[in-house]
There are 2 protein chains.
Amino acid sequence: MTAFATPSKAVSNAPPKDSRERVGQWMRQIQDEICRGLLDADGSGGFKQDAWERPEGGGGRSRVMRDGDIFEQGGVNFSEVWGDRLPPSILSQRPEAKGHRFYATGTSMVLHPKNPHIPTVHLNYRYFEAGPVWWFGGGIDLTPYYPVREDVENFHRTLKGACDKHHGEYYDVFKRWCDEYFYLKHRDETRGVGGIFFDYQDGINDQLYCGPNPDGGAAEYSRNVPKLENRSWEQLFAFVQDCGRAFLPAYVPIVEKRKDTEYGDRERDFQLYRRGRYVEFNLVYDRGTIFGLQTNGRTESILMSLPPMVRWEYGYTPEPNTREAELYDTYLKPQDWLG
Amino acid sequence: MTAFATPSKAVSNAPPKDSRERVGQWMRQIQDEICRGLLDADGSGGFKQDAWERPEGGGGRSRVMRDGDIFEQGGVNFSEVWGDRLPPSILSQRPEAKGHRFYATGTSMVLHPKNPHIPTVHLNYRYFEAGPVWWFGGGIDLTPYYPVREDVENFHRTLKGACDKHHGEYYDVFKRWCDEYFYLKHRDETRGVGGIFFDYQDGINDQLYCGPNPDGGAAEYSRNVPKLENRSWEQLFAFVQDCGRAFLPAYVPIVEKRKDTEYGDRERDFQLYRRGRYVEFNLVYDRGTIFGLQTNGRTESILMSLPPMVRWEYGYTPEPNTREAELYDTYLKPQDWLG
């Protein structure tokens, strides 16, 4: 039992009449807020915006920063799309949506800093409606190259703070889900030190375990996690808003602390090599990427998450007792950062 | 009707008793031949071999050249593996294999030359047995950055020569299959100028159309292609051997002709950018990669195909009337090179 009362069965599960406008509006707004925060943090780079339309319905605003002082590349996307049918990968998870038109909106972001001492970070929040069903999904996760324990703890503590306002079990459940989702099976490594992730949050269905990824990726999600049903649309939307707003306070302090740490070729080479894992994850496992490609999404916006420069090296393993080895040995394994 | 007599129905379809030994032996031998040819062509770089074993059964020899005079990275793999069951992606294409142990052997190669005027090239030949079924698959395809028409034609002509010895329709059919397989749907581009590709060649089944890729990749294969059934195991094995031996004469002359062509940052940047497409294809669509990852293959050997250095750039399009534009406009579309 938690200290949080479980809402009664009487909680209405229907979205309000203006659900799409409200969520779409918020997704635009959080894109703006994040971009402002990143401009401040970088101090030099600016965003170039492309507004685009999708022939099948909808469109978006892609914003990219290149060669900033801090960010070698950063992309912050907003999109709002609709169409006749969801792709098979989603319909198999939400069969009730079959035969219905869909609406989807979301904001997503990936930042690739120049300095290897600053972690790469990813955020994505999204909302779907299709006939009788709707759901929220998304998360934030951190991928350091030369992690500092204190930074990882602060990052997680900030996310936990956002979760705790809404449900005493959210952080634990969604942190575990993040570890399981951002996992490279073929490397037996997490993508980084995690954060939070959730999907198919509709307030009624116990959909935390989504089963083997029908797209052929290997992602399997939490089994046997507590039920978090009986949340209203308003409660979930408020939760997602707090998660989105937690990004700047979770990440910007790390940038401030590490941006002046010196580095040389060794650190840069390692960063470029580790960025390869980011590519592997996004192209092999990530459902957002697969959804985008399957729905004829805008390829340039979907693949904006890929790093500006990447290196692969056959058979690389870090030297024992180095900071590179520490990343593998200590940080790329799921664990309780706030224990 | 072709000039080639269709073998009678009496042709035996059963593999010989020593089929595994013979194909496995040939796969080793072609790895050796290719490596010798590449050592000669490079003149400086050597191969580092890793022999490895797979806990579930079998193993292989991975050979990598790095920082040669010609090849920035080149990998030539041999593998021979067996196990209790084929992965679902293959069983859905070959349901007769269900419940049977399998044997698979193959040689695969990807070369990433340093000089952007030399194309990247890929070869893979493979053989499967599982209970009542067996089949050959594979191909060769070329990915130039600054293509020269004459090189493309010679490459295709050499492959056609190998095909023509065995069936008058092989080149046309397998060339078209290659164009359709090595296609990046999300970019609406072929991976390069193609070559030949085939799969599920068992001599009896009209399996040229394999349907939508069950792995979630978008590959769809030739529909309405001529039936090429009624080939014996020996005929198919002889065909595959000639295809494998066609690689060096198809590719090495291009290396010789282009290795002294000068290049600067512009050409190098374009090469690194275009290498990104290679990564996208291999991780999103390639069935060999997916098979490897699904069968707990050796990750380092499977991903040896990825380039040593890669660049992504948001929203890049080539300037009109440049050689970069020519690649997109003229070469990344299926066409009859020998017409």
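Bear in mind the structure is a predicted one, so any value in this text is a computation, not a measurement.

**Notes on the packing of aromatic side chains**
One pair of aromatic rings is described through two measures. These are the centre distance and the angle between the planes. What the rule picks out here adds up to 58 aromatic pairs over all chains. With a centroid separation of 4.3 Å and 15° between ring planes, the pair formed by Tyr181 of chain B and Phe197 of chain B is classed as stacked. Remark: Phe197 of chain B occurs in strand β9 (residues 194–201) and Tyr181 of chain B occurs in helix α4 (residues 170–181); sequence separation between them is 16 residues. For the pair Tyr181 of chain B and Phe197 of chain B, a shared accessibility class is recorded, and that class is buried. Members of the aromatic cluster, each reached through a chain of ring pairs, are Tyr125, Tyr170, Phe174, Trp177, Tyr181, Phe182, Phe197, Phe198, Phe239, Phe281 and Tyr285 of chain A. Cation over ring: Arg94 of chain A sits above Trp135 of chain A, and NZ or CZ is 5.4 Å from the ring centre. The ring of Tyr278 of chain A is capped by Arg191 of chain A, whose NZ or CZ atom sits 4.1 Å from the centre of that ring.

**Brief notes about the side chain of Arg231 of chain A**
Along the chain, Arg231 of chain A turns up in the loop between β9 (194–201) and α5 (233–245). Polar side-chain contacts of Arg231 of chain A include one of 3.5 Å to the side chain of Tyr170 of chain A.

**Observations regarding the relation of the copies chain B and chain A**
Relative to chain A, chain B is turned by 180° and slid 0.0 Å along the rotation axis, the superposed coordinates differing by an RMSD of 0.0 Å. Taken together, the turn and the small shift mark the pair as related by a two-fold rotation axis. Considering only C-alpha atoms, the part of chain B nearest the rotation axis is Val310 of chain B, at 2.6 Å. Most of the interface of chain B is mirrored in chain A, where 100% of its interface residues again form contacts.

**Remarks on the sheet that holds strand β1 (residues 48–53) of chain B**
Residue and element names in this part refer to chain B. What the seven strands build is an open sheet, ordered β1-β2-β3-β4-β5-β6-β9; its pairing is antiparallel. If you trace the sheet from one side to the other, it starts and ends with β1 and β9, each paired once. The mean angle between the axes of side-by-side strands here comes to 5°, regardless of whether they run parallel or antiparallel. Pairing between strand β4 (residues 102–113) and strand β5 (residues 120–130): ten bridges, direction antiparallel. Looking at the pairing, Ser108 lines up with Asn124 of β5.

**Regarding the packing of helix α3 (residues 149–164) of chain A against helix α4 (residues 170–181) of chain A**
Think of two packed helices as two axes; the pair is described by the angle between the axes and how far apart they sit. Residue and element names in this part refer to chain A. Axis separation between α3 and α4 bottoms out at 8 Å; the angle between their running directions is 130°. When the axes of α3 and α4 are compared, the pair comes out oblique. Contact residues: α3 offers His156, Leu159, Lys160, Cys163 and Asp164, while α4 offers Tyr170, Tyr171 and Lys175. Classifying every residue of the contact of α3 with α4 by side-chain character gives four nonpolar, one polar and three charged.

**Thoughts on the nonpolar core**
Grouped together as the largest cluster of nonpolar side chains are 149 residues, with contacts concentrated most on Phe247 of chain A together with Phe247 of chain B. Dropping the residues within four chain positions of it, Phe247 of chain B is found in contact with Ile34, Leu38, Met109, Leu111, Val121, Leu123 and Ile140 of chain B.

**Considerations on the confidence of the model for chain A**
Residue and element names in this part refer to chain A. Per-residue pLDDT for chain A averages 89, and the proportion of residues at 70 or more is 89%. Of the regions scoring below 50 in pLDDT, residues 1–11 engages in twelve contacts with residues more than four places distant in sequence or in other chains. Ignoring residues within four places in sequence, the model shows residues 207–225, a span with pLDDT below 50, making 58 contacts including any to other chains. Two numbers describe this predicted complex: its pTM, 0.90, and its ipTM, 0.89.

**Some points on the environment of Arg149 of chain A**
Residue and element names in this part refer to chain A. Note that Arg149 resides in helix α3. Residue class for Arg149 comes out partly exposed when judged on its relative accessible area of 34%. Taking C-alpha positions, Arg149 is 13 Å from Gly192, a pair spaced 43 residues apart along the chain. For Arg149, the residues in contact, after removing those within four places along its chain, are Tyr331, Gln335, Asp336 and Trp337.

**Quick notes on α3 of chain A**
Residue and element names in this part refer to chain A. In this model α3 runs 22 Å from its N-terminal to its C-terminal C-alpha over 16 residues, within 8% of the 22 Å that 1.5 Å per residue would give. Buried within α3 we find Asp151, Val152, Phe155, His156, Leu159, Ala162 and Cys163. All buried residues of α3 lie within an arc of 125° about the axis, which places them on one face of the element.

**Some words on the interface of chain B and chain A**
Each partner contributes residues to the interface: chain B has 36 residues there, and chain A has 36 residues. Taken over both partners, the interface formed by chain B and chain A buries close to 2,900 Å², and the fraction arising from carbon and sulfur atoms is 57%. Broken down residue by residue, the surface that chain B buries against chain A is led by Glu300, Trp312 and Tyr314 of chain B, which jointly contribute 29%. Linking chain B with chain A are four salt bridges. Ionic pairing is found between Arg187 of chain A and Glu300 of chain B, a salt bridge with its closest N-O pair at 2.7 Å. One can count 13 residue pairs in polar contact (both at pLDDT 80 or more) joining chain B with chain A. Counting residues per element, the ones that place at least two in the side of chain B that touches chain A are β2 (58–66), α7 (265–284), α8 (287–294), α9 (299–302) and β10 (309–311) of chain B. Its residues placed into classes, the side of chain B that touches chain A shows 17 nonpolar, nine polar and ten charged. In terms of strand pairing, strand β10 (residues 309–311) of chain A meets β10 of chain B through three bridges, oriented antiparallel.

Rules of the game
- Residues numbered from 1 in each chain as written.
- Chains lettered and ligands numbered in written order.
- Predicted model: local features only at pLDDT ≥ 70, side-chain atom pairs only at ≥ 80, totals over all residues.
- Heavy atoms only, no water.
- Phe/Tyr/Trp six-rings, centres within 6.5 Å; stacked < 30°, edge-to-face > 60°.
- Helix = DSSP H or I, 4+ residues; strand = E, 2+ residues; numbered from the N terminus.
- Buried < 20%, exposed > 50% of the residue type's maximum accessible area, 1.4 Å probe, protein only.
- Lys NZ or Arg CZ within 6 Å of the ring centre and 35° of its normal.
- Polar contact = N/O pair within 3.5 Å; in protein donor to acceptor, adjacent residues only side chain to side chain.
- Least-squares fit on C-alpha atoms with pLDDT ≥ 70 in both.
- Contact = heavy atoms within 4.5 Å.
- Pairing = 2+ DSSP bridges.
- Axes fitted to C-alpha atoms, helices over the stretch in contact; angles between N-to-C directions.
- Parallel < 35°, antiparallel > 145°, perpendicular 65-115°, else oblique.
- Nonpolar A, V, L, I, M, F, W, Y, C, P; charged D, E, K, R; others polar.
- Core = buried A, V, L, I, M, F, W, Y, C linked by side-chain atoms within 4.5 Å.
- pLDDT = per-residue confidence, 0-100.
- Expected span 1.5 Å × (residues − 1).
- Arc of directions from axis to C-beta.
- Buried area = accessible area lost by both parts, 1.4 Å probe.
- Salt bridge = Lys/Arg side-chain N within 4 Å of Asp/Glu carboxyl O.

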